[in-house]
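Close look at the chain arrangement
The primary structure of each chain is shown beneath.
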Amino acid sequence: MGPTSLSLDHFLLVLKGAIALYCSSVVVFPLVSVFQERRIWKSPLLPSLSPFGILKVFLFNVVWMGATLVGGFLLLPKFVLGKFLGFDCQYEAHLVEKMTSKLCCLMFICPKVEVRGAENLPPLDGSSPAPVYVANHASQVDLGVVYFLGRRFKWISKDSVRYLPGVGLIMTMGQHVFIVRKGKNKKSVTNLYEQSNNAIQSGIPMFFFPQGTRRMAVRLPFKDGAYRVALDNESQMIPVSIDIPLSCWNSWYPFCLLWGGSVDNVVLTVHKPIQAKKGMDKEELKKKTYDEIFSALPLIGEEVKQKKKE
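Residues numbered from 1 in each chain as written. Predicted model: local features only at pLDDT ≥ 70, side-chain atom pairs only at ≥ 80, totals over all residues. Heavy atoms only, no water.

1. Structural notes on the overall build of the protein
Put simply, the test is: Numbering of helices and strands runs from the N terminus, with a helix taken as a DSSP run of H or I at least four residues long and a strand as a DSSP run of E at least two residues long. For a compact globule the rule gives 2.2 Å times the number of residues to the power 0.38, and the radius of gyration it is set against comes from C-alpha atoms. Residue contacts follow a heavy-atom distance rule, with two residues in contact if any of their heavy atoms lie within 4.5 Å. Only the protein chains shown count as cover for residues, and the accessible areas themselves come from Shrake-Rupley with a 1.4 Å probe.
In terms of regular secondary structure, the protein is built from ten helices and eight strands. For the protein, whose C-alpha radius of gyration is 21 Å, the value lies close to the compact-globule estimate of 19 Å for 310 residues. Judged by the C-alpha coordinates and their principal axes, the protein covers about 85 × 55 × 40 Å. Across the protein, every contact between residues at least 6 apart in sequence was considered, and the portion connecting residues at least 24 apart equals 78%. For the protein, the exposed surface amounts to about 16,100 Å²; the carbon and sulfur share of it is 61%.

2. Looking at the packing of helix α2 (residues 29-40) against helix α3 (residues 51-85)
Put simply, the rule is: Angles here are taken between N-to-C directions and fall from 0 to 180 degrees, while the axes themselves are lines fitted to C-alpha atoms, restricted in helices to the stretch in contact. Under this scheme an angle from 65 to 115 degrees is roughly perpendicular, one under 35 degrees roughly parallel, and one over 145 degrees roughly antiparallel; angles in between are oblique. We call a crossing left-handed when the near helix sits turned anticlockwise from the far one by less than a right angle, and right-handed when that turn is clockwise. Residues were grouped as follows: Ala, Val, Leu, Ile, Met, Phe, Trp, Tyr, Cys and Pro as nonpolar; Asp, Glu, Lys and Arg as charged; and all remaining residues, including Gly, as polar.
Running from N to C, α2 and α3 point in directions that differ by 135°, and their axes come no closer than 9 Å. Taken as axis vectors, α2 and α3 run oblique relative to one another. Considering the relative orientation of α2 and α3, their crossing is right-handed. Between α2 and α3, the contacting residues are F29, P30, L31, S33, V34, E37 and R38 on the first element and I54, V57, F58, N61, V62 and M65 on the second. For the contact of α2 with α3, a count of residues per class yields nine nonpolar, two polar and two charged.

3. A word on the packing of aromatic side chains
For clarity, the threshold we go by: Only the six-membered ring of Trp is used, alongside the rings of Phe and Tyr, when aromatic pairs are assigned; centres must lie within 6.5 Å, and planes under 30 degrees apart are stacked while those over 60 apart are edge-to-face, with the rest tilted. As a reminder, the over-ring test applies to NZ of lysine and CZ of arginine, requiring each to be within 6 Å of the ring centre and within 35 degrees of the ring normal.
Counted according to the given criterion, the structure contains 18 aromatic pairs. With 6.5 Å between their ring centres and 50° between their planes, Y22 and F73 make a pair best called tilted. Taken together, the residues span a long stretch of sequence, with Y22 in helix α1 (residues 3-24) and F73 in helix α3 at a distance of 51 residues. Where Y133 meets F207, the ring centres are 5.7 Å apart and the plane angle is 5°; that geometry is what we call stacked. With Y133 in strand β2 (residues 132-135) and F207 in strand β5 (residues 206-208), this residue pair connects regions lying 74 residues apart in the sequence. In textbook terms, an aromatic cluster arises when at least three aromatic residues are bridged by ring pairs, as seen for Y133, Y147, F153, W155, F207 and F209. Residue placement shows K102 over the ring face of F148; its charged tip is 5.4 Å from the ring centre. Above the face of the Y193 ring, R228 is positioned so that its terminal group lies 3.7 Å from the ring centre.

4. Quick notes on the pattern of salt bridges
What counts is decided by this rule: The salt bridge criterion pairs a side-chain nitrogen of Lys or Arg with a carboxyl oxygen of Asp or Glu, the two atoms within 4 Å. Exposure is judged per residue with a 1.4 Å probe applied to protein chains only, and the accessible area is read against the type maximum: over 50% gives exposed, under 20% gives buried, and values in between give partly exposed.
Across all of its chains, the model carries nine salt bridges by this definition. Among the ionic pairs, D224 bridges to K282, the shortest N-O distance being 3.5 Å. Of this pair, D224 sits in the loop between β5 and α8 (225-233) while K282 is found in helix α9 (residues 282-295), placing the two residues 58 residues apart along the sequence. Residue classification places K282 among the partly exposed positions, given a relative accessible area of 29%.

5. Digging into the side chain of H176
The test is simple: Pairs of N or O atoms are called polar contacts if they sit within 3.5 Å, as long as, within protein, a hydrogen donor faces a hydrogen acceptor (for residues adjacent in sequence, only side-chain-to-side-chain pairs).
As for its placement among the helices and strands, H176 is situated in the loop between α6 (167-173) and β4 (177-179). A distance of 2.8 Å separates polar atoms of two side chains, one belonging to H176 and the other to E97.

6. Some points on the state of the cysteines
Stated precisely, the cut-off is as follows: Note on terminology: pairs of cysteine sulfur atoms within 2.5 Å are recorded as disulfides.
On inspection of all chains with the given rule, the structure shows zero disulfides. Cysteine C23 shares no disulfide, and the gap to the nearest cysteine sulfur, in C104, comes to 17 Å. Taking the relative accessible area as the measure of exposure, C23 reaches 25% and is therefore partly exposed.

Spelled out as structure tokens, the structure:
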């Protein structure tokens, strides 16, 4: 056996080990997700996660990462060939994201996601410029339930997400926009606007959580990104309210269905489009969408305390 054969065997051995490590991480990274979600619900104004709730968060992420991992591996040949032959698998990646998101929500959150104001959704005609969706961001559940809107879009996500097993792979294939949030990120911010503008002009909507991070008990102010993209492209802005029940993790769903127990469903409210035009006041546009989004959400946290003072 020559040195070439030995080096090939060694390479294959290392490759197998790397793939095995990557696949097995679908039961490790969900622990990080549990920690992040638990931190959101630690507010004294919210019900803290029960042991069963923590288990559901963990399993939700295991299924999410595992299903996207399988989908990503199935699309890998097309993804690699496309790099040489000039095609991509963005649409197929979107289908994997949509099916996985719906599966996870129906398995662990609620039996139905109610969409109100569906008549306000823009048509699926691929016209340019595509709309910009903006929504509140309270929990990782948000990332799954928005696929019940039945629309295709691209996300803005922090760069570290691309390293999550399955999720990062399928988002890379879908050509979502990754940004570096901290440090010297001027190039990353420029990339955000360039890729977002390209998607909008090609007829693919962008979806922003303008709060920038997840908060359930605090209504954070909106950041500029979504509004700059909408104004630069003169896109319609579609405000969406995501109402996540406070019992979403701690409820005994899906087991409670066996004895006829009730479950609070997630509710998405789609508000009337707001047309962005160059020259419009960005702060006024932010206030309009902010007011629309939170008008359909119950008072939680700081708002409840303020109401009591009044």
